[in-house]
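# Observations on the three-dimensional arrangement
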Amino acid sequence: MDTATHFAMGFGLAGLAYVDPVVASDPGLAIAVMVATILGSQAPDFDTVLRLKDNATYVRNHRGITHSLPFMALWIALIGGGTSLLLHHEGFWHILLWTAIAVVLHVFTDLFNTYGTQAVRPFSEKWISWNIINIFDPFIFGTHIAALLLWMTGLVPTAPIFITLYSMIGAYYIWRTLTHWYLTRKVERMDIEDGRSPAPDGHYVLIPTISLRRWHVVHAKKDGSYRIGWYSPDKLIWIDSVQSMEHPAIEASRKHRDIRALLYFSSYTISEVEQTSTGYIVRWADVRYRHRRQYPFVAVVVMDRQFNTIDSYVGWLSPDKMNERISLHMS
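What counts, and where the lines are drawn
Residues numbered from 1 in each chain as written. Predicted model: local features only at pLDDT ≥ 70, side-chain atom pairs only at ≥ 80, totals over all residues. Heavy atoms only, no water. Helix = DSSP H or I, 4+ residues; strand = E, 2+ residues; numbered from the N terminus. Buried < 20%, exposed > 50% of the residue type's maximum accessible area, 1.4 Å probe, protein only. Contact = heavy atoms within 4.5 Å. Lys, Arg positive; Asp, Glu negative; His and termini not counted. Charge placed at Lys NZ, Arg CZ, Asp CG, Glu CD. UniProt positions renumbered as here; feature names shortened; annotations may be inferred. Salt bridge = Lys/Arg side-chain N within 4 Å of Asp/Glu carboxyl O. Polar contact = N/O pair within 3.5 Å; in protein donor to acceptor, adjacent residues only side chain to side chain. Expected span 1.5 Å × (residues − 1). Arc of directions from axis to C-beta. 1 Å grid on protein atoms, 1.4 Å probe; cavity = no way out; pocket = protein on both sides within 12 Å on 5 of 7 lines; lining within 4 Å. Points joined across faces, edges and corners; volume = space filled by probe spheres on them. Nonpolar A, V, L, I, M, F, W, Y, C, P; charged D, E, K, R; others polar. Pairing = 2+ DSSP bridges.

## Re the overall build of the protein
- Broken down by element type, the protein carries 11 helices and eight strands.
- Across its three principal directions, the C-alpha atoms of the protein cover 75 × 50 × 35 Å.
- Looking at the 331 residues of the protein, the share that counts as buried comes to 51%.
- Restricting the contact set of the protein to residue pairs at least 6 apart, pairs at least 24 apart contribute 55%.
- One way to put it: in the protein the 29 positive side-chain charges average out to a point 4 Å from where the 28 negative ones average out.

Written out as structure tokens, the structure reads:
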């Protein structure tokens, strides 16, 4: 989820903690729990500081080790133990419990996005992304804000507000999961029945958008090419077909750390090369993130004719702004 939603969830879990009679009866403990749940809801994303080093490090590691099993335990111990030590010694186990809920819920909800996490490290470095909930979901964020505002009024007891909130959100996640499962199979059937795909060829990935009714669709074919489209109720529209080029410059680019960072993170990439008067421009893009006819999540390497790197970039950047970001003055 996005930072704002995780932040709202931190407050929401502090309200839900009022189901614990000990927390509800001790204002000091309730404050300590709130501090712990807010910090716990943000902690796995502390890896954002990696941007200060360089984009390749950030892309390769964001939502990686800081979302792993060992780090979840570390966040719980540091935040729960530290908060208890500083604010409320007697409530250690209550603070630790709600810190654990906040940290685990953060990682769990991130699994539902397209970006995903490496939540099962160290057992596997696989990126797990279930493509069910958009990184910003208006329903999840909006219901949290409504519950928090109602809590502030004091008109309704705290525990029932947040029991209702998280019951609704739990039901919402179940509904979205079942919908995603059903529509993925429906899209494959529609494509075959339409005659565009005579038999199952590769697999289909449905990617959530901010709209509940519209999904991006990526058809990853067995030959390594992709079809890109969208689905809305009973409509499947293909809008692009892309495939990687073959060129020695592309193979040479795989050794560059910016390219390795993107390929480590994503299994849905295409490459293209542009020859200039002095060398080559190699672009890799993640086809899951199509926006306004472009693929803005890219890794780019500018090379001379001997495949030596002149400049490079990895991250979010539209092709229209590429010339402003890296040295594409080669002509």
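## Re the UniProt feature "transmembrane region" (unreviewed entry) in the protein
- UniProt marks residues 71-89, 95-115, 127-152 and 158-175 with the feature "transmembrane region" (unreviewed entry), using the numbering shown here.
- The span residues 127-152 is 58% helical and 0% strand by assignment, and the distance between its end C-alpha atoms comes to 39 Å.
- Secondary structure content for residues 158-175 is 100% helix and 0% strand, while the C-alpha to C-alpha distance between its ends is 26 Å.

## Details of the pattern of salt bridges
- Applying the stated criterion across every chain yields a total of nine salt bridges.
- Here Arg63 ties to Asp110 by a salt bridge, and the two come within 3.4 Å at their closest N and O atoms. Placement of Arg63 in the loop between helix H4 (55-61) and helix H5 (69-87) and of Asp110 in helix H6 (residues 92-110) is noted, with a sequence separation of 47 residues between them. Take Arg63 and Asp110: they sit in the same class, and that class is buried.
- Asp240 serves as the salt-bridge partner of Arg290, at 3.8 Å between the closest nitrogen and oxygen. Taken together, the residues span a long stretch of sequence, with Arg290 in the loop between strand S6 (279-286) and strand S7 (297-304) and Asp240 in strand S4 (residues 235-242) at a distance of 50 residues.
- Through salt bridges with shared partners, a single network forms among Glu272, Glu274 and Arg283.

## Things to note about the side chain of His62
- Structurally, His62 can be placed in the loop between H4 and H5.
- By relative accessible area, which is 9% here, His62 ends up buried.
- In terms of polar contacts, His62 uses its side chain to reach the side chain of Asp47, at 2.9 Å.
- When neighbours within four sequence positions are excluded, His62 is seen to be in contact with Asp45, Asp47, Thr48, Tyr115 and Trp127.

## Observations concerning unusual backbone geometry
- Of note, the bond from Arg121 into Pro122 is cis; its omega dihedral lies within 30 degrees of zero at 15°.
- Of note, Pro122 is situated in the loop between H6 and helix H7 (138-153).
- Its identity as a non-glycine residue notwithstanding, Arg63 has a phi of 65°, on the positive side.
- Even without a glycine there, the phi angle at Asp234 is positive, about 65°.
- One can find Asp234 in the loop between strand S3 (226-232) and S4.
- The exposure class of Asp234 is exposed, given its relative accessible area of 57%.

## Observations concerning H7
- Spanning 16 residues, H7 covers 22 Å between terminal C-alpha atoms, matching the ideal 22 Å at 1.5 Å per step.
- Every buried residue of H7 is accounted for by Ile140, Thr143, His144, Ala147, Leu148 and Trp151. Down the axis, H7 shows its buried residues gathered within 135° of arc, on one side only.
- Of the residues that open H7, the one with a side-chain oxygen 2.9 Å from the backbone nitrogen of Phe139 is Asp137.
- Once H7 ends, the next one or two residues include Gly154, with phi positive near 75°.

## Some remarks on the layout of surface pockets
- Of the voids in this model, the largest pocket is the one considered here, and its volume is about 720 Å³.
- In terms of lining residues, the largest pocket is bounded by 32 residues, among which Arg63, Tyr115, Ile135, Tyr289 and Trp316 are the most central.
- Counting only elements with at least two residues in the lining of the largest pocket, the list comes to H4, strand S1 (203-208) and strand S8 (309-316).
- Classifying every residue of the lining of the largest pocket by side-chain character gives 15 nonpolar, 11 polar and six charged.

## A word on the pairing of S6
- Burial runs high along S6: seven of the eight residues are buried.
- Count of turn residues in the strand S5 (residues 269-275)/S6 antiparallel hairpin: three residues.

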